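A structural walkthrough
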Amino acid sequence: MGSSFQAARGVAVEHRVHVICHMTVDLQKGKMRLRTCLLGLLALCVASKCSYSPEPDQQRTLPPGWVSLGRVDSEEELSLTFALRQQNVERLSKLVQAVSDPGSPHYGKYLTLEDVAELVRPSPLTFRTVQKWLSAAGARNCHSVTTQDFLTCWLSVRQAELLLSGAEFHRYVGGPTEIHVIRSLRPYQLPKALAPHVDFVGGLHRFPPTSSLRQRPEPQVSGTVGLHLGVTPSVIRQRYNLTAQDVGSGTTNNSQACAQFLEQYFHASDLAEFMRLFGGNFAHQASVARVVGQQGRGRAGIEASLDVEYLMSAGANISTWVYSSPGRHESQEPFLQWLLLLSNESALPHVHTVSYGDDEDSLSSAYIQRVNTEFMKAAARGLTLLFASGDSGAGCWSVSRRHQFRPSFPASSPYVTTVGGTSFQNPFRVTTEIVDYISGGGFSNVFPQPSYQEEAVAQFLSSSPHLPPSSYFNASGRAYPDVAALSDGYWVVSNSVPIPWVSGTSASTPVFGGILSLINEHRLLSGLPPLGFLNPRLYQQRGAGLFDVTRGCHESCLNEEVQGQGFCSGPGWDPVTGWGTPNFPALLKALIKP
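A quick note: this is a predicted structure, and the numbers were derived from the prediction, not measured.

1. Digging into the packing of helix α7 (residues 268–278) against helix α8 (residues 302–314)
At a minimum axis distance of 10 Å, the contact between α7 and α8 shows a crossing angle of 45 degrees. Considering the angle they form, α7 stands oblique to α8. The two elements α7 and α8 meet at a crossing, and its hand is right-handed. Residue-level contacts link D270, L271, F274 and M275 of α7 to S305, V308, E309, Y310, M312 and S313 of α8. Residue composition of the contact of α7 with α8, grouped by class: six nonpolar, two polar and two charged.

2. Brief notes about the pairing of strand β29 (residues 497–503)
Of the pairings in the sheet, the one linking strand β13 (residues 214–215) to β29 comprises two bridges and is antiparallel in character. Pairing of R214 across the sheet is with S503, part of β29. Pairing geometry for strand β28 (residues 490–494) and β29, over four bridges, is antiparallel. Looking at β29, one finds that V493 is bridged to P498.

3. So, the nonpolar core
Counting 140 residues, the largest nonpolar core has F82, L164, F335, W338, F375 and Y490 as the members making the most contacts within it. Top contributing element to this core by residue count: helix α10 (residues 365–380), with eight residues. When neighbours within four sequence positions are excluded, F375 is seen to be in contact with F335, W338, L339, L385, F387, F409, P410, S413, Y415 and V416. W66, Y172, I179 and F207 belong to the second largest nonpolar core, which has five residues in total.

4. Some points on the UniProt feature "active site" (unreviewed entry) in the protein
UniProt's entry tags E303, D307 and S506 with the feature "active site" (unreviewed entry), counted in the numbering of this structure. Over a stretch of 204 residues, the named residues converge on one spot in the fold, their C-alpha atoms separated by at most 7.2 Å. Of the annotated set named above, E303 and S506 line the largest pocket. Classification of D307 by relative accessible area gives buried; the value is 1%. Secondary-structure assignment places S506 in helix α12 (residues 505–525). Look at S506 and you get buried, because its relative accessible area is 5%. Once residues lying within four places of it in the same chain are set aside, the contact partners of S506 are L213, E303, L306, D307, S355 and A388. Side chain to side chain, S506 and E303 meet in a polar contact 2.6 Å long.

5. Section: the state of the cysteines
Think of a disulfide as a covalent bridge from one cysteine sulfur atom to another cysteine sulfur atom. Under the criterion given, the structure shown has three disulfides. Note on cysteine connectivity: C142 is disulfide-linked to C153, with sulfurs 2.1 Å apart. Here the S-S torsion is close to 120 degrees, and the disulfide linking C142 with C153 is therefore right-handed. In this pair, C142 is assigned in strand β7 (residues 140–144) and C153 in strand β8 (residues 150–156), connecting sequence segments 11 residues apart. Take C153: its relative accessible area is 0%, and that puts it in the buried class. There is a disulfide in this structure between C396 and C557, and the S-S distance comes to 2.1 Å. Measuring handedness by torsion sign, the sulfur bridge of C396 and C557 sits at about 110 degrees and is right-handed. Of this pair, C396 sits in the loop between β19 (384–388) and β20 (397–399) while C557 sits in the loop between β31 (553–555) and β32 (565–568); the two residues are 161 residues apart in sequence, bridging distant segments of the chain. What makes C557 buried here is its relative accessible area of 1%.

6. Section: unusual backbone geometry
A cis geometry characterises the amide bond from F409 onward to P410, with omega recorded as 10 degrees. Secondary-structure assignment places P410 in the loop between β22 (408–409) and β23 (417–424). P481 follows Y480 through a cis peptide bond whose omega is 5 degrees. Positionally, P481 belongs in the loop between β26 (477–480) and β27 (483–486). Positioned with a positive phi, Q148 is a non-glycine residue whose angle comes to about 60 degrees. Looking at where Q148 falls in the secondary structure, it is placed in the loop between β7 and β8. Classification of Q148 by relative accessible area gives partly exposed; the value is 29%. The backbone of N317 sits at a positive phi, close to 65 degrees, despite the residue not being glycine. Mapping N317 onto the fold places it in the loop between α8 and β16 (319–324).

Rules of the game
Residues numbered from 1 in each chain as written. Predicted model: local features only at pLDDT ≥ 70, side-chain atom pairs only at ≥ 80, totals over all residues. Heavy atoms only, no water. Axes fitted to C-alpha atoms, helices over the stretch in contact; angles between N-to-C directions. Helix = DSSP H or I, 4+ residues; strand = E, 2+ residues; numbered from the N terminus. Parallel < 35°, antiparallel > 145°, perpendicular 65-115°, else oblique. Left-handed = near helix turned anticlockwise from the far one by under 90°. Contact = heavy atoms within 4.5 Å. Nonpolar A, V, L, I, M, F, W, Y, C, P; charged D, E, K, R; others polar. Pairing = 2+ DSSP bridges. Core = buried A, V, L, I, M, F, W, Y, C linked by side-chain atoms within 4.5 Å. Buried < 20%, exposed > 50% of the residue type's maximum accessible area, 1.4 Å probe, protein only. UniProt positions renumbered as here; feature names shortened; annotations may be inferred. 1 Å grid on protein atoms, 1.4 Å probe; cavity = no way out; pocket = protein on both sides within 12 Å on 5 of 7 lines; lining within 4 Å. Polar contact = N/O pair within 3.5 Å; in protein donor to acceptor, adjacent residues only side chain to side chain. Disulfide = S-S within 2.5 Å.

Shown next as structure tokens:
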């Protein structure tokens, strides 16, 4: 079977004909052989009327630091992911609410992956229609996932450009590690008949994110009595009141994971050296239990090293998985591949910490809404997903020549727990915490405010003495972060070298994740289910078990109107540090109840 889009001649407007050749009939008359092809015309109409663009609002500009190496050879193979339209998304949302709300009789009664699949899997018509369309285009080696709502297929560039009208694939190189990707900066279109069946196609537009982790200059200090020289596991454990006994028991099936998508790798030898240097006063594991994805042989990345080292020292002695850049081909999107892995494995770690984010406005509505549904699927299964809130404060961009704050996604998803950042008031003493000015936070322009946080946000908006002008943010949007932890001045071992003063919410996120894993350990030992999606409980308990951070503001637009200042922290919840940072014994007490 073959497929082509053909321009009809002699007509001013370009017509596209999608044809399927059903059969070949050989007709012989004397020595003349006539070969005819019966064409099933799927569409014969003006392009603008018979096709649609699934992602018209997706940003398609080349990110800074990337350059094109030219068109990809037409016979080169691509791996593309087709997001199939799901069923019962509204019902899934209600189920998430039921299993995550402590006041519900269904609290903690999580669904299995098979239960979720039964609920959301696409209709037989959707699956059949998309499969036939792909088969007709010559797609090969198509693989689905347990939930059957993604199809990943191999096509040649020529086939992909015919299938996805308008797409033009180039190879690009960029990022700190000079990685190669294949993308199209031109919009793609699909036959209108597929509009009820396909959400979007992955592997065309979105470029890998770059790390916003930074190394800050060391603060100057005179005299060193009673001081620490940067954040290490012992500083974390002292500040958040973790004793030597607050470690995993080794007797439960508890586990935790970190995931990052920067084509960075951690080295097992760095983790072992980090624990030798900094893990002497608590029981710990010095190696990762499982790596999912590729582990390159190149230099270790600071972000990958940081994620693993602090997840495993905060959540000490708990089995840890690492999702390491699981995009296996230049045309795949690593973050999307991670979501596919979650939909294809029935036994997963209970807590996942992720240091990944994009500007909300750079992503298509179709993509953002679908990814949000993937987070709902995880929440229904009792997984805790923690995302870094970002390192640009409130962010800033210009819309119609007017400045606005710039929210980040997935930090702005209502189905994840978002972690902001703090600093010590005195950078060399284990003291109270203040806002780290880079801590990402604000209000979504896409997602409405979930009911679980309405009261807390209303309280903040009515009581904050330093609110930015209302034109800068969407006060009715999902507000984030939800919680925070130290994000400033960390020691990391990477490529066998101890590196000081590493900062970013990529540090606070694994720390908070490890502490939640310790609480899960107590829950599992008591016969209780893991915490699952934390936000409804977190907001109901109004920050119980957390140190309230009430001093400091984060950064934003450098203009006369706001002069670089975004939101400021205050008593209770705020869009800079959420409810605050963990006080382990009090947080355990608040979250151990059934």
